[in-house]
Amino acid sequence: MLHALMQTGFPLLGLLTPPSGAEYAALIPGAIAALVAMLVVLVDTFHRPGTRRDYLAYISAVGMGVVVLSCWALWDSTIDRPVFHGMLYLDKFGLFFAALAAAAGGLALLQVPAYMNFQRMDRGEFYMLVLFSVSGAIFMANAADLLTVFIALELMSIPVYCLAGYMRRDGRGAEAAMKYFVLGAFSAGLMLYGMALIYGVTGTTNLEYIGINLSRVIETGAVETGFGMIVLGVLLVLSGFAFKIAAVPFHIWTPDVYTGSPSPGVGFMSTVVKAGAFAAMLRVLFVAFEDPMLRGGFYGTGWVDVLFFMSAASMVLGNTVAIMQDNIKRMLAYSSIAHAGYILLGIVAAGARPEYFLFNDAVLFYLASYTFGTVGAFGVLSYLGRKGTTVETYEDIAGLGLKYPFAGLMMGVFMFSSAGIPPTAGFVGKLYIFRAAVDVGVQTGEFAFIGLSVLAVLTSVAGAYYYLRVLVCMYMKEPTRDDWVEASESKSARLSLGICAALTLALGILPATMLELSREGVVDFQGVPASVREVQREGGEQLKQIRDAAERSREPAPKGEVPQG
Amino acid sequence: MQIADYSALMIFLVIALVVAGVITLLANQFGPKNRTRQKAMPYEAGSDPIGSPKQTRFSVKFYMIAISFILFDLETIFVIPWAVAWKQNDVMGHGLYAFGVMFVFVSILTIGLVYEWKQGGLEWD
Amino acid sequence: MMFEPTLFHYLTLAAMTFCIGVFGVLVRRNAITLFMCIELMLNSVNLTFITFSKYRVDMDGHIFSFFVMAVAAAEAAVGLAIILHVFRHKRSVNVDEANRLKL
C-alpha cells in the first residue's frame, strides 16, 4: 500500500490506483486455484444424490494441472518489484512453490475418490477444502506484505483444520481437528502480535520497507526500548512459522493430527502447508529480517542461531521418536518433523552470511523431493484398506508387499526416497542440503556447521531404520489378518502413485532439471537487500558451475536452460 | 479528536445511569412487597413452567444461524470503507476498477451463500 | 484536568489483554474458554495495530485490523463447528478428555 503511494507520489489515503495490466499476472496461479475451488463448490452443490463424486477429483486435478502450466507459462515473465500495491511478488521463487503446491494438491486429490469409497464418506467438501488451501499456499509463497502473509496463512490453514476433522464418524478425527485448531489459532495469534510489534517499530507492513526501516532503527539506535519490541516481534513471527512447519518446540500437534486425519489429507497437509510456510518464512527472513543484527549467526543472537537449534532438535527428536512408533502415520509424522529439521539446516546454512544466499536452492529442491515422496507414501496408506478403515500400523501392512505388488513397489520407492537412499529424490535432496552446510562450515571455519551436518547424517542413518522397517514388514512378515485388507482398484489413485513415484525417481536419477529450476527460483528471489542482490547477479553463474562440475563427476546429466539472472 | 470532545457524551451517560439507578433503588426500597410462590416462578406466558431455566438447552440451529450471520455480517467491514471511498475513486476515474474489485468480492460471497442454501444451512427444520 | 491516554497506555492495555489471553489458553481446559482466550488475543492485536496506526498516521494498521476481524470470524465459525463435533463424540468440551490420540 505504502509502496504504491510512494510510487505515484499521491498524498491522499484511501485512494487506490488500479494496478497495471501486467501486474495481474501475479494473481494467475492463485486465482486459478481459487476459481477451481469455487467451481467445485458450485458443481458439488448441484450434485445428483446417490452418484459418485469421482468427477470432482478429475476437475480438481485438471485445474491443478492448469496451475502448474500457468507457472510454466509465466516462468520467464517475472516482475522485479512487488505488484498490487506492494502486496504480491511475481518471481520464479513464488512460481516454483505455486507449481509445487498445485502438483501436490492435485496428486493428493487423485487419491481421494478411492479412499472415500472405502470410507463411505463421499462428500464434495474434501476437494474444495484442499483447493482453497492450495490457493492459500500459492498466495503465501508470493506474499510481499505481512498482510498477505497473514491472510494467505489463514486461507491455507482454516481448510486444513476442517480437513483434520473430516472423518465425522471417527472420534479421533474430531480430536485431531480440535488440537490442530486450538494450537493453530493460538500460534496465529502469537504471530499476529509479532506482526503488530514489527508494524509499530517500522510503520509499514511491506516486507521490503520493514527490512529498510528495521536496519535504520537498529543503526541509529534511536529507539532504545524499540529493540526489545523488534526482538519479541521477530521471535513471535518465527514461532508462527515454526508451528506450521512442525519444527521442534512447536511440533506437539503433529503426530496426533496426522494420526486422526484421513490419509490423503495428511499427505496434503504435511507437504503443501509445509511448503507454503517455508516459502513465506524465507521471504520474511531474507527480505524483512535481513539486518545483520537480526540475522546473527555464529554464536550471535539472531534468527540463524534460533533456527540452528530448532534444526538440531527437530532432527534428533523426530528421528529418535519415530523409531519407537508402531503406527505408520505417527512414524511419518515424526519423520516429517525430522524433515523440517533438515530443511531448516539448509536455511541456516544459506542465512549464515549474505553471500551464501544461493544455497537456498537446496531447500527448494529438498522440499520438492519431500513433497512427492510424502504424498506418495500417504497415498499408499490410503490405497490399502477396506470399508470404514485403512491400514495404519506395521501389523496392518504385514505381508502386503507380495499380495499387492503395485502398492509394495510404490511404497518401496517412497520409503527409499524418505530415507535418502539413491537413486531417489530424497538422496539428492539430502546430499545438497548437507553439502551446503559443510561448504558453509568449511568456508567460514565454523565447526558448529560441520557438527550440525554430521548430526544430520547420523540422524538420517537412524531414520533409514524405521523407513526400511516398513518395507521389511511389507515383504518379509506373514500377514496377520489375511482377509482384512484389500487394495482399491482405482485408476486415479494408481495414476497419482505412479506420477509420484516417477517424479521421485526422476529427481533422483536426473536431478539437473529440477536443480536448475530451484536455482533459478533462488536467483530470481525478489526483494532482497542490495548485498544479496549482488550475490544473486554474480553468484548464479558461479554456483551453477560448481554444481555442474560435481554433477559431471557423478554421472552425465542433461543440462538445463541458460539462466536469466 | 481529543478525548475531551466526548465529555458531553460521558456526562449524558453518567446522568442516565444515575437517574435509572436511583429510580430502581427507590422502587426497590419503598415499594410494597408481597412475594408469593406464583410470583417467584419464571414467566412462561402464563402456563406452568417445565423444568428449570438453568437446564434449558438451545438448539444447534441457533448456532447455525448465528455463524451464518457473523460470516455475512463481516462483509460490511469491507463494504463500508469501499462505499465511503467510492466517490473519490469515481472522481479519480477508477470507478470501474473499484466496482470490479467489490464485484469479485461479492461474487465469492454469493458462491458461499449458494452453497449454504443448497446444503440446507438456511432451513429451520 | 482531563486524563490523556498516550501510546504507552494503549500498548500496555493491549499487552495485558494479550497476556491474559495467552495465560488463559495455557491454563484453561474448557474448549470454549480456550477459544474465547484466543479471540481475546486477536482483539488485543487489533488494539495494538490501531494504536500504532493512529500514532503513525498511517492506514495500514487499520486495514490489517479489518482483515484480522474477518479472519477471526472465519476461525470462529470453523472452531465452533469443530468444538460441536467433539461434543457430539465426547459429550464434553474439556480438552483433557480428548485423549484417544496419545501424546
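Residues numbered from 1 in each chain as written. Chains lettered and ligands numbered in written order. Predicted model: local features only at pLDDT ≥ 70, side-chain atom pairs only at ≥ 80, totals over all residues.

### Some points on the overall build of chain C
Across its full length, chain C holds three helices and zero strands. Secondary structure elements of chain C, listed N to C terminal, follow the sequence α-α-α. Taken over the C-alpha trace, chain C has a radius of gyration of 17 Å; the compact-globule value for 103 residues is 13 Å, which it surpasses by more than 25%. Put simply, chain C has 103 residues, and 36% of those count as buried. Residue pairs at least 24 apart in sequence account for 45% of intrachain contacts in chain C once pairs closer than 6 positions are excluded. (Helix = DSSP H or I, 4+ residues; strand = E, 2+ residues; numbered from the N terminus. Rg over C-alpha atoms; globule rule 2.2 N^0.38 Å. Buried ≥ 20, exposed ≤ 12 C-beta atoms within 10 Å, placed from the backbone. Contact = placed C-beta atoms within 7 Å.)

### Focus on the overall build of chain B
On a plain count of helices and strands, chain B comes out with six helices and zero strands. Every one of the 125 residues in chain B was classed for burial, and the buried ones make up 2%.

### Brief notes about the interface of chain B and chain A
The interface of chain B with chain A comprises 11 residues on the first partner and nine residues on the second. When residues of the side of chain B that touches chain A are traced back to their parent elements, those giving at least two are α5 (86-91) and α6 (95-118) of chain B. Counting residues per element, the side of chain B that touches chain A draws most heavily on α6 of chain B, at six residues. Grouping the amino acids of the side of chain B that touches chain A by side-chain chemistry returns seven nonpolar, three polar and one charged. (Nonpolar A, V, L, I, M, F, W, Y, C, P; charged D, E, K, R; others polar.)

### Brief notes about the interface of chain A and chain C
If you look at the interface, chain A gives 36 residues, while chain C gives 34 residues. Elements with a minimum of two residues in the side of chain A that touches chain C: α7 (146-164), α8 (171-202) and α11 (253-260) of chain A. Grouping the amino acids of the side of chain A that touches chain C by side-chain chemistry returns 21 nonpolar, 10 polar and five charged.

### A look at the nonpolar core
All names here are of chain A. Counting 251 residues, the largest nonpolar core has A101, M140, A280 and A349 as the members making the most contacts within it. Per element, the largest residue contribution to this core is 20 residues, and it comes from α8. Look past the residues within four positions of A101 in its chain and what remains in contact with it is V134, A137, I138, V272, A275 and G276. (Core = buried A, V, L, I, M, F, W, Y, C linked by C-beta atoms within 7 Å.)

### Overview of the sheet that holds strand β4 (residues 389-390) of chain A
Strand pairs in the sheet, formed through backbone hydrogen bonds, run parallel or antiparallel to each other. Residues and elements named next belong to chain A. Judged by pairing direction, the sheet is antiparallel, and its three strands sit side by side in the order β4-β3-β5 without closing on themselves. Pairing within the sheet leaves two strands with one partner each, and these edge strands are β4 and β5 (486-487). Taken together, the two bridges between strand β3 (residues 384-386) and β4 define a ladder with antiparallel strand orientation. For R386, the partnering residue across the bridge sits in β4 and is T389. Helix α17 (residues 360-383) rests against β3, β4 and β5 of the sheet, and its axis sits at about 30° to β3. (Pairing = 2+ DSSP bridges. Axes fitted to C-alpha atoms, helices over the stretch in contact; angles between N-to-C directions.)

### Focus: helix α1 (residues 7-27) of chain C
Residues and elements named next belong to chain C. Taking 1.5 Å as the rise per residue, α1 with 21 residues should run 30 Å; its terminal C-alpha atoms sit 30 Å apart, in good agreement. Of all the positions in α1, only L11, A14, F18, G21 and V25 are classed as buried. In a view along the axis of α1, the buried residues occupy a sector of 85°, so they form one face of it. Seen from the buried face of α1, the exposed residues on the opposite side, beyond 90 degrees, are F8, H9, T12, M16, F23, L26 and V27. (Expected span 1.5 Å × (residues − 1). Arc of directions from axis to C-beta.)

### A short note on α8 of chain A
Residue and element names in this part refer to chain A. With 32 residues, α8 extends 46 Å from end C-alpha to end C-alpha; this agrees with the ideal 46 Å at 1.5 Å per step. Taken across its 32 residues, α8 has 29 buried, putting it largely inside the fold. At the C-terminal side of α8, G203 shows a positive phi close to 75°.

### Some thoughts on the packing of α7 of chain A against helix α13 (residues 272-288) of chain A
Residue and element names in this part refer to chain A. Following both chains from N to C, one finds α7 and α13 inclined at 165°, their axes separated by 11 Å at the closest point. Our classification of the angle between α7 and α13 gives roughly antiparallel. The chirality of how α7 crosses α13 is left-handed. Only V273, G276, A280 and V284 of α13 make contact with α7, whose side of the interface consists of V149, L153, M156 and V160. Looking at the contact of α7 with α13 residue by residue, the class counts come to seven nonpolar, one polar and no charged. (Parallel < 35°, antiparallel > 145°, perpendicular 65-115°, else oblique. Left-handed = near helix turned anticlockwise from the far one by under 90°.)

### Digging into the environment of M269 of chain A
Residues and elements named next belong to chain A. Examined against the element boundaries, M269 turns out to sit in helix α12 (residues 263-269). In this structure the C-alpha to C-alpha distance between M269 and L458, which are 189 residues apart in sequence, comes to 27 Å. Other than its neighbours up to four places away in sequence, M269 contacts V160, L163 and S261.

### A word on the confidence of the model for chain C
On average, residues of chain C score 88 in pLDDT, and 92% of them reach the 70 mark or higher. At the level of individual helices and strands, chain C shows its lowest average pLDDT in helix α3 (residues 60-90) of chain C, which scores 90, and its highest in helix α2 (residues 31-56) of chain C, which scores 93. (pLDDT = per-residue confidence, 0-100.)

### Some remarks on the packing of helix α16 (residues 328-351) of chain A against helix α21 (residues 447-476) of chain A
All names here are of chain A. In the contact formed by α16 and α21, the axes pass within 11 Å of each other and the chain directions differ by 160°. What the angle tells us is that α16 and α21 run roughly antiparallel. By crossing handedness, the relation of α16 to α21 is classed as left-handed. On α21, the residues that touch I328, M331, S335, A338, Y342, L345 and A349 of α16 are F449, L452, A456, T459, G463, Y466 and V470. Split by residue class, the contact of α16 with α21 holds 11 nonpolar, three polar and no charged.

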